[in-house]
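Below are the chains, spelled out letter by letter.
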Amino acid sequence: MTTIGSLCSGLGGLDLAAVDVFGGQLAWWADIDPAAVTVMTAYHPHAPNLGDVRTVEWQNVPPVDVLCAGYPCQPFSHAGRRRGTEDPRHLWPWIARAVRVLRPRVIVLENVAGHLKRGAGDVFADLAEGGYLFAWAVVSAGDVGAPHVRRRLFVVAADTARDVPRGRLVGGPPGRAQPSDGDITLGGGLDWGKYTDAVRGWEHALGRVAPVPSFETDRGTHLLTAPFVEWLMGLAPGYVADMPGLSRAQKLRLLGNGVVPQQAALALRLLLPQLASAQPA
Ligand SMILES: C[S@@+](CC[C@H](N)C(=O)[O-])C[C@H]1O[C@@H](n2cnc3c(N)ncnc32)[C@H](O)[C@@H]1O
């Protein structure tokens, strides 16, 4: 069975895509955020949390077939100050250290698209130097029919000394799902105005109605609901929103930092054949 290791796991969206494409299950994962630890422990009770990626002794960790890492995007994000590789939150060097010891067959990386302008060059150089063939793509959540843009860089690398695994190249609908015989009717009775088509498209792709997007506080302000953000992220109902012990703020932060699994799976399905065809004979 394919073994998957996950670094900077968050809610595990990138890992869900890896399981979808490669099969198998998580052998271990690593995160330091209490909310991420709660969610990952709930869904992967048999896989240990290795904790801080900067302090793991990789020679004591079982190697895996696939290593996933959606490392923090703040150093490269437009929303942050973009200090890039000088930012102490820049974790690629620590992930590269894990790669050198574990030598996974496949590496799957995710970050904001801005990483291409700052930092990705170091990643590509380290991968090439380590004997990995790699391909990258910027894929948006909108490319799988989600009603938001969320441009993300995905990098897939394969050890040139071994065959590139093909993975399951056919999966869920890469774009907006078309009801096969036109008899699926969804609709929650909310008026989405100019967003109606976008919302209906994602409802059809996921097969579930969009949850109520906001609620009104005592002060009359409107705040986003966690179930709605979870739906935007393409996750199963309640995956994060119903997790006991997490505040609304923790849920929203985890979801906001997360990966849309369908988006990552599309990236993998676009990139794996490129690697297979580029592999030296
Ligand atoms: C962009 S989010 C990851 C999203 C995630 N890959 C997904 O699929 O949903 C980055 C994660 O890195 C975690 N992180 C930050 N510093 C870390 C460290 N030193 N060791 C392990 N995880 C860390 C954060 O807690 C956060 O959950």
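Residues numbered from 1 in each chain as written. Predicted model: local features only at pLDDT ≥ 70, side-chain atom pairs only at ≥ 80, totals over all residues. Heavy atoms only, no water.

With respect to helix α3 (residues 92-102)
Keep this limit in mind: Working definition: with a 1.4 Å probe on protein chains only, accessible area under 20% of the residue-type maximum means buried, over 50% means exposed, and in between means partly exposed. Counting from the N terminus, the helices are the DSSP runs of H or I reaching at least four residues and the strands are the DSSP runs of E reaching at least two. Arc definition: it is the arc formed by the directions from the helix axis to the C-beta atoms. Any two residues having at least one pair of non-hydrogen atoms within 4.5 Å are treated as being in contact.
Considered for burial, the residues of α3 that qualify are W92, I95, A96, A98, V99 and L102. For α3, the angular spread of the buried residues around the axis is 155°, confining them to a single face. For α3, the elements touching its buried residues are β1 (3-7), β2 (25-30), β3 (66-69), β4 (106-112), α4 (120-129) and β5 (132-139). Positive phi appears at R103, one or two residues downstream of α3, with a value of about 45°.

Here we look at the packing of aromatic side chains
The line we're drawing: A pair of aromatic rings is counted whenever rings of Phe, Tyr or Trp (Trp by its six-membered ring) have centres within 6.5 Å, and the orientation is called stacked for planes under 30 degrees apart, edge-to-face for over 60 and tilted otherwise.
Per the stated rule, a full pass over the model turns up 7 aromatic pairs. Ring centres of W28 and W58 lie 5.7 Å apart, and the angle between their planes is 50°; on these two criteria the pair is classed as tilted. Pair noted here: W28 is in strand β2 and W58 is in the loop between α2 (34-43) and β3, with a separation of 30 residues, a long-range link.

Some points on the sheet that holds β4
Put simply, the rule reads: Pairing between two strands is assigned when DSSP locates at least 2 bridges connecting them. Convention adopted: a line fitted to C-alpha atoms gives each axis, helices being fitted over their contacting stretch, and angles between N-to-C directions are expressed from 0 to 180 degrees.
Spatially, the 6 strands line up as an open sheet ordered β2-β1-β3-β4-β6-β5, and their pairing is mixed. Lying at the two open borders of the sheet, with one neighbouring strand each, are β2 and β5. Direction aside, neighbouring strands of the sheet carry axes that sit 15° apart on average. Relative to β3, β1 runs parallel, the two being bridged by 4 bridges. Within the sheet, the bridge partner assigned to S6 lies in β3 and is C68. With respect to the sheet, α4 is in contact with β4, β5 and β6 (152-159), its orientation differing from that of β5 by roughly 150°.

Describing the packing of helix α1 (residues 13-22) against helix α8 (residues 261-278)
Worth spelling out the cut-off: Orientation is classified from the angle alone, with under 35 degrees giving roughly parallel, over 145 giving roughly antiparallel, 65 to 115 giving roughly perpendicular, and any other angle giving oblique. Left-handed is the label given to a crossing in which the near helix is rotated counterclockwise from the far helix by less than a right angle, and right-handed is the label when the rotation is clockwise. Three classes are used: nonpolar for Ala, Val, Leu, Ile, Met, Phe, Trp, Tyr, Cys and Pro, charged for Asp, Glu, Lys and Arg, and polar for all others, with Gly counted as polar.
At a minimum axis distance of 8 Å, the contact between α1 and α8 shows a crossing angle of 45°. When the interaxial angle is binned, α1 and α8 end up oblique. Here α1 and α8 pass one another in a crossing that is right-handed. From α1, G13, L14, L16, A17, A18, D20, V21 and F22 reach across to α8, where they touch P261, A264, A265, L268, R269 and L272. Looking at the contact of α1 with α8, its residues break down into 11 nonpolar, 1 polar and 2 charged.

Quick notes on the site of the ligand
Our working definition: Proximity is defined per residue: any heavy atom of the residue falling within 4 Å of a molecule or strand makes that residue near it. Under the rule applied, a polar contact is a pair of N or O atoms within 3.5 Å (in protein, one hydrogen donor and one hydrogen acceptor; residues adjacent in sequence only if both atoms are side-chain atoms). In these tables, accessible area is a Shrake-Rupley quantity obtained with a 1.4 Å probe, and a residue counts as shielded only by the protein chains included in the view. The distinction between a cavity and a pocket rests on a 1 Å grid over the protein atoms alone: a 1.4 Å probe fits inside a cavity but cannot get out, while a pocket stays open yet meets protein on both sides within 12 Å along at least five of seven lines, and a residue with an atom within 4 Å of a point counts as lining. For a molecule to be placed in a cavity or pocket, more than half of its atoms must lie within 2 Å of the grid points of that cavity or pocket.
Near the ligand you find 21 residues, and of these G13, L14, D31, D52 and V53 are the closest. Within the backbone of L14, a nitrogen or oxygen atom sits 2.8 Å from an oxygen atom of the ligand. Separating a nitrogen atom of the ligand from a backbone N or O atom of V53 is a distance of 3.0 Å. Protein chains bury 90% of the 600 Å² of accessible surface belonging to the ligand in isolation. For the ligand, the cavity whose grid points lie within 2 Å of the majority of its atoms is the largest pocket. A class-by-class count of the residues in the shell around the ligand yields 9 nonpolar, 8 polar and 4 charged.

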